[in-house]
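# Understanding the architecture of this molecule
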Amino acid sequence: MSTVPVEYFLIVAAVLFVIGSVGFLLRRNLLVLLMSIELMLNSVNLTLVAFNRLHPANHDGQNLAFFVIAVAAAEAAVGLAIVLAFFRVRKTIHSDEANLLKN
Amino acid sequence: MNKPFDLVFFGVCTLLVLLGGVGTVAAKNPIRGAMGLLTAIVGIAGMYLQLSAEFLAAIQIIVYAGAIVVLFLFVIMLLGPQATTSAGAAGTKLSRYFGAGVFLFGAAGAMSLVWRTRTEIAALPKAPANLGTVEGIGRELFTTHIVPFELSGALLLIAVVGAVAVARGKQPDPTRDAPEATLPEAAKGPPLTASVSATAAETNAPHVHVEEA
């Protein structure tokens, strides 16, 4: 059906993963960090679905992507709750301020 | 579908994904970042359609665009202007760029691997009719993968309870914090009331979260 080679999807997924990981490392805003994690999870999902298209005998890749989406939803909810609790304590969401356990 | 349309559709999706990803990471304002995330998610849903994963494309739009991005927007608007943080301290910049370089190197290696093995990947087999449909995925989900499916339900429940508990923080108990004059004499319990209201006042202070850990 699709005439686009699978490698193109894999390359896009790799580039998106790099964008997400670079954002996770460079940014200091907790919300942007969580969004970068979502980007990386999405790129992994894209890889899983692309390889599932290459081996279409079963739905293992798509099922795993389904579970990744469920875990990502849980992670976003808990992560944002932690951001809110952190903001209540420190009045900022700058991740360098998360140093209460340091001393 | 014919080939040019496929390639154009793929190009549009790629543009959405990459622009959205860069926008997410580079945006100063987190709201713009959330919009970039939304753009990338829509692009990825389009790619799922091309990979004959129609069910996952629908799930992607419903869960990510409908729930997760909206959750991000809620939190951004709850935090207000303080959601935008200034740039970090200069002292940690070197380690940051070192880490980013390591990831870039690894990604370049992975992409070169993909490029080198491109001729060994066979042409795409024709997709079976039920690949990616609700029926096809659901059949496997409720037979082969029933245990992780049930476990993910438990995970979501625990995550909801945990998110509420963490985000809500310590709330004063209204039955114990009521003004003493309005309480009947029997319900007071004189030594208990004083200590309880003292701890309730303490738990409202912001630093208590740390000490309780």
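Definitions and limits used
Residues numbered from 1 in each chain as written. Chains lettered and ligands numbered in written order. Predicted model: local features only at pLDDT ≥ 70, side-chain atom pairs only at ≥ 80, totals over all residues. Helix = DSSP H or I, 4+ residues; strand = E, 2+ residues; numbered from the N terminus. Rg over C-alpha atoms; globule rule 2.2 N^0.38 Å. Expected span 1.5 Å × (residues − 1). Buried ≥ 20, exposed ≤ 12 C-beta atoms within 10 Å, placed from the backbone. pLDDT = per-residue confidence, 0-100. Contact = placed C-beta atoms within 7 Å. Core = buried A, V, L, I, M, F, W, Y, C linked by C-beta atoms within 7 Å. Nonpolar A, V, L, I, M, F, W, Y, C, P; charged D, E, K, R; others polar. Axes fitted to C-alpha atoms, helices over the stretch in contact; angles between N-to-C directions. Parallel < 35°, antiparallel > 145°, perpendicular 65-115°, else oblique.

### Thoughts on the overall build of chain A
Looking only at helices and strands, one finds 3 helices and 0 strands in chain A. For chain A, the succession of helices and strands along the chain, N to C, is α-α-α. Relative to its length of 103 residues, chain A is extended, with a C-alpha radius of gyration of 17 Å against a globular reference of 13 Å. Projected onto the principal axes, the alpha-carbon positions of chain A cover approximately 55 × 25 × 20 Å.

### Structural notes on helix H2 (residues 30-50) of chain B
Residue and element names in this part refer to chain B. With 21 residues, H2 extends 30 Å from end C-alpha to end C-alpha; this agrees with the ideal 30 Å at 1.5 Å per step. By the criterion of burial, H2 is predominantly enclosed, with 15 of the 21 residues buried. After H2 finishes, the residue Ser-52 shows a positive phi value of roughly 50 degrees.

### A few points about the confidence of the model for chain B
Residue and element names in this part refer to chain B. Summing up the model confidence of chain B, the mean pLDDT is 79 and the portion of residues at 70 or higher is 75%. Low pLDDT, under 50, characterises residues 188-213; the predicted model gives this stretch 22 contacts beyond four residues in sequence or across chains. Across the assembled chains, the prediction reports ipTM 0.93 with pTM 0.79.

### Structural notes on the nonpolar core
Ranked by size, the top nonpolar core spans 66 residues in total, and within it Phe-9, Ala-13, Leu-31 and Val-49 of chain A together with Tyr-48 and Leu-56 of chain B carry the most contacts. At the level of elements, helix H1 (6-26), helix H2 (30-54) and helix H3 (60-90) of chain A together with helix H1 (3-26), H2, helix H3 (54-79) and helix H6 (146-168) of chain B are the ones that each hand at least two residues to this core. If near-sequence neighbours (up to four positions away) are discounted, Tyr-48 of chain B is found in contact with Val-49 of chain A together with Ala-53, Leu-56, Ala-57 and Gln-60 of chain B.

### Comments concerning the confidence of the model for chain A
For chain A, the mean per-residue pLDDT works out to 89, and 98% of the residues sit at or above 70. The least confident element of chain A, judged by mean pLDDT, is H1 of chain A at 87; the most confident is H2 of chain A at 94.

### Concerning the interface of chain A and chain B
Counting residues at the interface gives 68 residues for chain A, matched by 76 residues for chain B. Of all elements in the fold, only H1, H2 and H3 of chain A reach the threshold of two or more residues within the side of chain A that touches chain B. When residues in the side of chain A that touches chain B are grouped by element, the largest group, 22 residues, is from H3 of chain A. Looking at the side of chain A that touches chain B residue by residue, the classes come out as 47 nonpolar, 14 polar and 7 charged.

### Considerations on H6 of chain B
Here H6 of chain B is 23 residues long and its end C-alpha atoms lie 33 Å apart, about the 33 Å a rise of 1.5 Å per residue gives. At the exit of H6 of chain B stands Gly-169 of chain B, carrying a positive phi of roughly 75 degrees.

### Side note on unusual backbone geometry
Residues and elements named next belong to chain A. Phi is positive for Lys-91, which is not a glycine, with a value near 60 degrees. In this fold, Lys-91 is placed in the segment after H3. Lys-91 gets classed as exposed once you count the C-beta atoms within 10 Å, which come to 10.

### Notes on the packing of H2 of chain B against H3 of chain B
Residues and elements named next belong to chain B. Where H2 meets H3, the axes come as close as 9 Å, and the angle between the chain directions of the two elements is 175 degrees. Here H2 is positioned roughly antiparallel relative to H3, judged by the angle of their axes. Residues Pro-30, Ile-31, Ala-34, Leu-37, Leu-38, Ile-41, Val-42, Ile-44, Ala-45, Tyr-48 and Leu-49 of H2 form the contact with H3, whose own contacting residues are Glu-54, Leu-56, Ala-57, Gln-60, Ile-61, Tyr-64, Ala-65, Val-69, Phe-72, Leu-73 and Ile-76. Residues belonging to the contact of H2 with H3 are distributed by class as follows: 20 nonpolar, 1 polar and 1 charged.

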